[in-house]
Amino acid sequence: MALRIIGICGSMKPKSSTAFVINYALEAAKEAGAEIDFYDISEHDLPFCDGRDDESTYPPQVHEFKKMIRSSQGVIIGTPEYHNSFTGSLKNALDLFGYDEFEHKMVVIIVVAGGAMCAPNSIIHLRAVMRGVGA
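Report follows, based on the coordinates.

Analysis parameters
- Residues numbered from 1 in each chain as written.
- Predicted model: local features only at pLDDT ≥ 70, side-chain atom pairs only at ≥ 80, totals over all residues.
- Heavy atoms only, no water.
- Phe/Tyr/Trp six-rings, centres within 6.5 Å; stacked < 30°, edge-to-face > 60°.
- Helix = DSSP H or I, 4+ residues; strand = E, 2+ residues; numbered from the N terminus.
- Buried < 20%, exposed > 50% of the residue type's maximum accessible area, 1.4 Å probe, protein only.
- Lys NZ or Arg CZ within 6 Å of the ring centre and 35° of its normal.
- Contact = heavy atoms within 4.5 Å.

1. A few points about the packing of aromatic side chains
Geometry of an aromatic ring pair is reported as the spacing of the ring centres plus the angle between the planes.
Logical step 1: Counted by the stated rule, this structure contains 3 aromatic pairs.
Logical step 2: Where Tyr 39 meets Phe 65, the ring centres are 3.6 Å apart and the plane angle is 5 degrees; that geometry is what we call stacked. Placement of Tyr 39 in strand E2 (residues 35-40) and of Phe 65 in helix H2 (residues 60-70) is noted, with a sequence separation of 26 residues between them.
Logical step 3: Exposure remark for Tyr 39: the relative accessible area of 3% places this residue in the buried category.
Logical step 4: Aromatic side chains Phe 97 and Phe 102 sit 5.7 Å apart centroid to centroid with 80 degrees between the ring planes, which places their arrangement in the edge-to-face category. Exposure class is identical for Phe 97 and Phe 102. Each is buried.
Logical step 5: Cluster of aromatic residues (ring-pair linked, three or more members): Tyr 39, Phe 65, Phe 97 and Phe 102.
Logical step 6: We note Arg 52 situated over the ring of Tyr 58; from NZ or CZ to the ring centre the distance is 3.9 Å.

2. As for the environment of Ala 93
Logical step 1: Within the fold, Ala 93 resides in helix H3 (residues 88-95).
Logical step 2: For Ala 93 and Gly 10, which are 83 residues apart along the polypeptide, the C-alpha to C-alpha distance reads 8.5 Å.
Logical step 3: In this structure, Ala 93 is in contact with Ile 41, Leu 46 and Phe 65, ignoring residues within four places of it in sequence.

3. Observations concerning the environment of Ala 119
Logical step 1: Take Ala 119: it is sitting in the loop between strand E4 (106-112) and helix H5 (120-132).
Logical step 2: Note on Ala 119: relative accessible area 4%, which makes it buried.
Logical step 3: Along the backbone, Ala 119 and Val 129 are 10 residues apart, and their C-alpha atoms lie at a distance of 16 Å.
Logical step 4: The residues contacting Ala 119, other than those within four sequence positions of it, are Glu 81, Val 111 and Ala 113.

4. Topic: H3
Since the α-helix advances by 3.6 residues per turn, residues separated by three or four positions end up pointing in the same direction.
Logical step 1: Three or more residues of H3 are buried, namely Leu 90, Asn 92, Ala 93 and Leu 94.
Logical step 2: On its buried side, H3 packs onto strand E1 (4-9), H2, strand E3 (74-80), helix H4 (99-102) and H5.

Have a look at this one:
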């Protein structure tokens, strides 16, 4: 059974550099024998996470996304850096998940940013979120 890896793009920009880098990493994983999936948040109409008691009332695209995460052993999360953190769209998407999807998963964090500082805050913030869901 091959390792399954999903790449999640947190950029809302069409044809983003973030999507390019994630797909580059996924192709390398595929060449090493992994099965891959790519999920671009900008191409899906995810609702805001609203803390509802009955998660079954979320639309089908949320349940399909959760199934993709649960069925993978590894996750590549990519984001551009906006105002010293990762994107709000990615935060909302990650808030739709919990331990059921991420516990004990290996996660790679990729941040695409320019400038001399690179993206230390986005990396730190995403690491904290991933620890919060048990990854």
